[in-house]
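Architecture and fold: a report
Now for the letters of each chain:
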Amino acid sequence: MNGLPLFPTTTVGSFPKPPYLLEARRKRLRGQIEPEQLRQLEEQATREWIQRQEELGLDVFVDGEMYRGDMVAYFADEMEGFAIAGLVRSYGNRYYPKPVVVGPVGRRRPITVEWFRFAQSLTGKPVKGMLTGPYTIAEWSFNEYYPTRRELVLELARAIHEEAVDLERAGARFIQIDEPAIHTRPDEDFDLAREAMEIVTDGLSAYTITHVCYGDVPRIYPRMLDLPVHQIDLALKNEDFALLEVFRQHRFTKDIGLGVIDAHSHRVETAEEVLDGIRRSLEVFEPRQVYVSPDCGLKTRTIDETVGKLAAMVEGARRAREELGAG
Amino acid sequence: MRTTHVGSYPKIPDLPAPGRWRTAAEKLQRGEITREEFRRVEDEVTREAIADQVGAGLDMVTDGQIRWEDPQTYFARRMDGFSIDGLQRWFDTNVYYRQPVAQGRVAWREPVTVEDYRFARSHSPRPVRPVVTGPYTLARLSQNRYYPRFSDFVLDVAQALNRELRALDAESPPLIQVDEPAILQHKEDLALFREAAAALLEGVRAPVALYTYFGDARGVVRVFYELPVEVVGLDFVAGVRNWEVLESEGFPQDRRLGFGVVDARNTRLETVDEVLRALDRVSRFVPLDRVDLGPTAGLEFLPRRAAKAKLVRIAEVKRAALEVTR
């Protein structure tokens, strides 16, 4: 499907920002440079990542999110109804700007479409439209406005749906809706998260993906297979493919975005290791179900680590194709 | 009624004020300052956290847990038998902790909290409650690669933490708070929890507060009531069904209730009236002179301005409640 090879290679969304862009973002915060100057550097960094993806030989591209800080705050900043409450610690000395819902939420205008167009204009390979899902935006924000989480989540779902429709109109053939918080309250809220995803993907003809990580995936399996998307992208590598046991019990009926690269370790994996991960996964998946990707966004790695990891990933996928005579 | 904080406090102020702790932590990582210099920054930030709590008007404070990376690592890294592994989500929050791994027999090596308690006490005009992560929670959030049975693991952690409580006890604190949120997610382990709690409290003379949060205590509260603790702390926001617990199980006459009713996880500031109504409701089960009014949990989920506003509100509610009853 989609003119892609067996085991298409892709990434989860974010890439590390080059030092000149980090510096420019700091200067912009202090008002030392103009928005237009920052924008030019964001475009330059995006071009560099498109070029690197071409050189690496990936099959489905991302724009690398050079213009986003945090995956939730970015959408909050661009939408009505949000303010930034302040910095909150997530672990160690990592802090993130946590949004707060202070009024009715909704889109002012398309959020990601212009960046999608820009990135897609630079390559003949398909670029994924990248969205943060409504449940995750709601869960990772404070809420001072809506009486219930449900009302907030469903209103956000309608806004993200509009964004997905606009991405599709702009030519996106792949749309990814990240829901890393989806298993936060697996019993209480999974149905709500599913209902929200139904709203987001309603009527789309693009190939849809959701990315889920960091949490208790077995608790929402096999219910997770009811999510109305074509592919579920999961982190397998960081727990040494332990999830495969779960999928052995109950067949995985969607395409799988197979995380074969640990996004949070400095160590660069070998192609052999990637090949081994793919082989092991073929004990529970059909080859045509498998897309090959890292566990998570790579923005916390260095550029060298990222390129090294992705080179190993692409080579591992190539060898896996070869083994099946599909090279 | 007593007003109290029950845990962590944001380590950095709101922008644009410089986050000294954060800058120092980065410098420590890069080897640009020494451990000793970093400790002095932690000292200063601890004093800030205490000053904010005292300034808000609380009757009892914590040290803000400024020196804690997270409630697991802070203890596990100074006990025998643990190594520290990768990041895991802490309950249903968007906060992560480094997971301790039991690689060998777990044992107490040295006091973890005692120096911190002494420091906080000497810099606070109000009584300070030291906080210790409970054995069930510490074991449950760890990986076990050593013990054939989880219960053996929990009981060894309980023995080790009993040494910690005894070391604190020697300082005669007004109260020692033990946090056991994990039992609310694993009620099937209640018998093991009870056994671990008994081992933990063995020979401890200081009054103890058992705190739970992020859920309700349906089905387990009776065991909390039976333990030799002075305070039972419950979260009435994430655990809104704790109201049903009070309805069905009542509250023992010889215990205090840690009444967590100001939401530690949302910036929305409760109104004075809203909390007064909650106090009125809880007074049907517990007389107000046996209520410890506080946030539902530690306040590091909030930016500092919002955290401070919550503490100020708690003290305001107490003043308003006294006027009503006067």
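So, here's what we can say about the structure. Note that the coordinates shown come from a computational prediction; the quantities given were computed from them, not determined experimentally.

What counts and how
Along each chain, residue indices are assigned from 1 in the same order as the chain's sequence is written. Labels follow written order: the first chain is A, the first ligand is 1, and so on. Selection of residues for local features in this predicted model requires a pLDDT of at least 70, selection of side-chain atom pairs for listing and counting requires 80 or more, and totals for whole chains, interfaces and linings are taken over all residues. Calculation of side-chain values draws on the structure's entire complement of heavy atoms; hydrogens and water are dropped beforehand. Under the DSSP-based scheme used, a helix requires at least four consecutive residues in state H or I and a strand at least two consecutive residues in state E, with every element numbered from the N terminus. As a reference, a globule follows 2.2 Å times the number of residues to the power 0.38, and the radius of gyration itself is taken over C-alpha atoms. Relative accessibility under 20% of the residue-type maximum defines a buried residue, over 50% an exposed one, and the middle range a partly exposed one, all with a 1.4 Å probe and only protein chains included. It only takes one pair of heavy atoms within 4.5 Å for two residues to be counted as in contact. For accessible areas, the Shrake-Rupley method is used with a probe of radius 1.4 Å. Any residue's cover is judged against the shown protein chains and nothing else. Note that His is not counted, nor are the chain ends; the positive residues are Lys and Arg, and the negative ones are Asp and Glu. A charged residue contributes its charge at one atom only: NZ of Lys, CZ of Arg, CG of Asp or CD of Glu. A pair of strands counts as paired when DSSP detects no fewer than two bridges linking them. We define a polar contact as two N or O atoms separated by no more than 3.5 Å, with the added condition that, inside protein, one atom must be a possible hydrogen donor and the other a possible acceptor, whereas residues neighbouring each other in sequence contribute only through side-chain atom pairs.

This brings us to the overall build of chain B. Looking only at helices and strands, chain B features 11 helices and 10 strands. A compact globule built from 326 residues would reach a C-alpha radius of gyration of about 20 Å, and chain B, at 19 Å, matches this within 12%. C-alpha extents for chain B along the principal axes are approximately 55 × 50 × 35 Å. Scored against the burial criterion, the 326 residues of chain B give a buried share of 62%. Counting contacts in chain B only where the partners sit at least 6 residues apart, residues at least 24 apart contribute 74% of the total. Carbon and sulfur atoms make up 47% of the accessible area of chain B, which amounts to about 13,000 Å² in all. Across chain B, the centroid of the 48 positively charged side chains sits 2 Å from that of the 49 negatively charged ones.

The next subject is the pairing of strand β3 (residues 128–132) of chain A. In terms of burial, β3(A) is a largely internal element, five of the five residues being buried. Burial of the side chains of β3(A) extends over both faces: A:K128, A:M130 and A:T132 are buried on one face and A:G129 and A:L131 on the other.

A word on the sheet that holds strand β4 (residues 142–143) of chain A. Residues and elements named next belong to chain A. Overall, mixed pairing links the three strands, which are arranged β1-β2-β4 in an open sheet. Strands with a single pairing partner mark the edges of an open sheet, and in this sheet they are β1 (79–91) and β4. Note: β1 against strand β2 (residues 94–107), 10 bridges, orientation antiparallel. If you follow Y91 over to β2, its bridge partner there is R94.

All right, on to unusual backbone geometry then. Residues and elements named next belong to chain A. Cis rather than trans, the peptide bond between Y221 and P222 has omega equal to 5 degrees. Secondary-structure assignment places P222 in the loop between β6 (207–212) and β7 (231–235). Here F7, not a glycine, exhibits a phi torsion of approximately 50 degrees, which is positive. Mapped onto the elements of the fold, F7 is located in the segment before α1 (19–29). With relative accessibility at 1%, the residue F7 sits in the buried group.

On to the side chain of B:T4. Residue and element names in this part refer to chain B. Its place among the elements puts T4 in the loop between β1 (2–3) and α1 (20–29). Look at T4 and you get buried, because its relative accessible area is 0%. A distance of 3.5 Å separates a polar atom in the side chain of T4 from the backbone oxygen of M60. Leaving out residues up to four positions away in the same chain, T4 has contacts with L58, M60, R129, Y211, D292, L293, G294 and P295.

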